[in-house]
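# Topology and contacts: notes
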Amino acid sequence: MEARITFEDQGKDQPFDAHFSVQEYLDYFYSDVMTKYDEDEGLSMPWILDQFHRTFAGEKDFGNRLLDVGSGPTVYQLISASRVCSEIVCSDIHQGALAEIKRWKNGGENVFDWSTAVKYVSGLEGTGWESRQEQLRTAIKDTVLCDVHKENPLHPAAFQQFDTIIAAYCLEEACCNKGRSTYAKAMKNMCTLLKQGGYLILQSYIGVTYYVKDGKRSPDNLNLDAEFVLKSISKAGITVLETSVYETPERETPLYSDVKALLHVIGKKI
Ligand SMILES: C[S@@+](CC[C@H](N)C(=O)[O-])C[C@H]1O[C@@H](n2cnc3c(N)ncnc32)[C@H](O)[C@@H]1O
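Read on for a plain summary of the structure. A quick note: this is a predicted structure, and the numbers were derived from the prediction, not measured.

Right, let's talk about helix α6 (residues 129-139) for a bit. Burial in α6 covers these residues: Arg-132, Gln-133, Leu-136, Arg-137 and Ala-139. Elements that come into contact with the buried residues of α6 comprise β2 (87-92), α4 (95-105), α5 (115-125) and β3 (140-145).

The next point concerns the nonpolar core. In this structure, Tyr-30, Phe-56, Tyr-76, Trp-114 and Ile-140 are the most contacted members of the largest nonpolar core, which totals 54 residues. If you look at the next biggest cluster of nonpolar residues, it comprises 33 residues, including Phe-162, Ala-186, Leu-200 and Ala-261.

Once that is clear, we can look at the pairing of strand β9 (residues 261-268). With seven of its eight residues buried, β9 lies for the most part within the structure. Pairing between strand β5 (residues 194-206) and β9: eight bridges, direction antiparallel. For Ile-201, the partnering residue across the bridge sits in β9 and is Ile-266. As paired strands, strand β8 (residues 239-247) and β9 are joined by eight bridges and run antiparallel to one another. Looking at the pairing, Thr-239 lines up with Lys-268 of β9.

For the rest of this paragraph, the subject is unusual backbone geometry. With an omega dihedral of 10 degrees, the bond running from His-155 to Pro-156 counts as a cis peptide bond. Within the fold, Pro-156 resides in the loop between β3 and β4 (162-168). Backbone geometry places Asn-110, a non-glycine residue, at a positive phi of 55 degrees. Structurally, the position occupied by Asn-110 is in the loop between α4 and α5. Unusually for a residue other than glycine, Asn-221 sits at a positive phi of about 65 degrees. As for its position among the elements, Asn-221 is in the loop between β7 (216-219) and α9 (226-235). Look at Asn-221 and you get buried, because its relative accessible area is 8%.

Moving on, we come to the site of the ligand. Inspection of the region around the ligand gives 20 residues, with Tyr-25, Tyr-30, Gly-70, Tyr-76 and Asp-92 positioned closest. Side-chain polar atom of Tyr-25 to an oxygen atom of the ligand: 2.8 Å apart, as the coordinates give it. Gly-72 is positioned such that a nitrogen or oxygen atom in its backbone is 3.4 Å from an oxygen atom of the ligand. In the complex, 95% of the free accessible area of the ligand, which totals 590 Å², lies under the protein chains. Mapped by element, the contributors of at least two residues to the shell around the ligand are α1 (22-30) and α7 (171-174). Residues belonging to the shell around the ligand are distributed by class as follows: eleven nonpolar, six polar and three charged.

What counts and what doesn't
- Residues numbered from 1 in each chain as written.
- Predicted model: local features only at pLDDT ≥ 70, side-chain atom pairs only at ≥ 80, totals over all residues.
- Heavy atoms only, no water.
- Buried < 20%, exposed > 50% of the residue type's maximum accessible area, 1.4 Å probe, protein only.
- Helix = DSSP H or I, 4+ residues; strand = E, 2+ residues; numbered from the N terminus.
- Contact = heavy atoms within 4.5 Å.
- Core = buried A, V, L, I, M, F, W, Y, C linked by side-chain atoms within 4.5 Å.
- Pairing = 2+ DSSP bridges.
- Near = heavy atom within 4 Å.
- Polar contact = N/O pair within 3.5 Å; in protein donor to acceptor, adjacent residues only side chain to side chain.
- Areas by Shrake-Rupley, 256 points an atom, 1.4 Å probe, with all protein chains shown as cover.
- Nonpolar A, V, L, I, M, F, W, Y, C, P; charged D, E, K, R; others polar.

Below, the structure written as structure tokens:
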């Protein structure tokens with residue numbers, strides 16, 4: 001039996017997905033967060049944080065109210081945004097992941113340590129990491145259950161449309177084994193939560209088909225190419241303004257997954 005973590009809001013043991021508990025997910029993917037993937041994907045985590053930094057340090061007006069879709073138990077994707085968006089709502093289909101975010105916000109016992117990522121971003125900004133970490137904690141105002149397969153993914157909760165949406169590595173997992181038309185529909189559902197004039201910041205795995213755990217390959221995520229992701233964004237009523245791509249090094253035996261590239265997109269509902 002794999003070890004499982006029980007979360008206050010969850011009330012029972014429940015795996016985060018078919019393979020991981022929330023704690024296992026954090027340890028597996030995010031311990032040694034800045035260097036973990038060096039051997040496999042190259043400098044992917046610095047690239048990820050650089051993209052969020054470049055985006056939110058720019059001239060665009062991202063407003064105050066930001067929704068993070070498919071947050072999981074992670075906050076690295078929100079560090080840069082929290083400098084400009086003072087009201088962040090985290091969302092996920094998994095209650096235990098949201099409970100973990102609440103625990104981190106409230107500084108609970110043995111919470112996951114994101115300080116390495118916060119230090120990296122505050123280094124880019126030229127700010128002090130401790131005050132920026134506090135700013136992130138303060139900016140996270142709420143967590144809400146979300147299912148991108150629902151026409152209104154936040155139903156039954158009611159929120160006004162958001163100024164900005166971040167979605168980091170969510171839709172491709174939510175649509176694993178469900179096909180591309182389901183992905184396009186989920187993108188559309190998600191984008192109904194964005195107000196006119198609002199921004200979508202999306203990061204996506206490209207070309208991933210499996211990840212490796214305990215030496216075994218497990219099927220993972222919908223296998224996407226950048227062209228299809230961008231087409232789905234456009235079909236959801238979002239104008240793509242900027243894209244950047246990080247290509248992972250060619251490797252014969254992937255240590256974590258066979259991801260081919262990461263895609264960062266800035267779009268606007270015009
Ligand atoms: C690969 S994880 C990404 C988590 C986090 N954003 C990160 O970067 O580590 C994908 C997340 O999508 C969530 N998810 C899966 N299906 C979903 C759905 N139908 N609606 C909303 N979130 C979903 C999972 O619970 C998980 O937290």
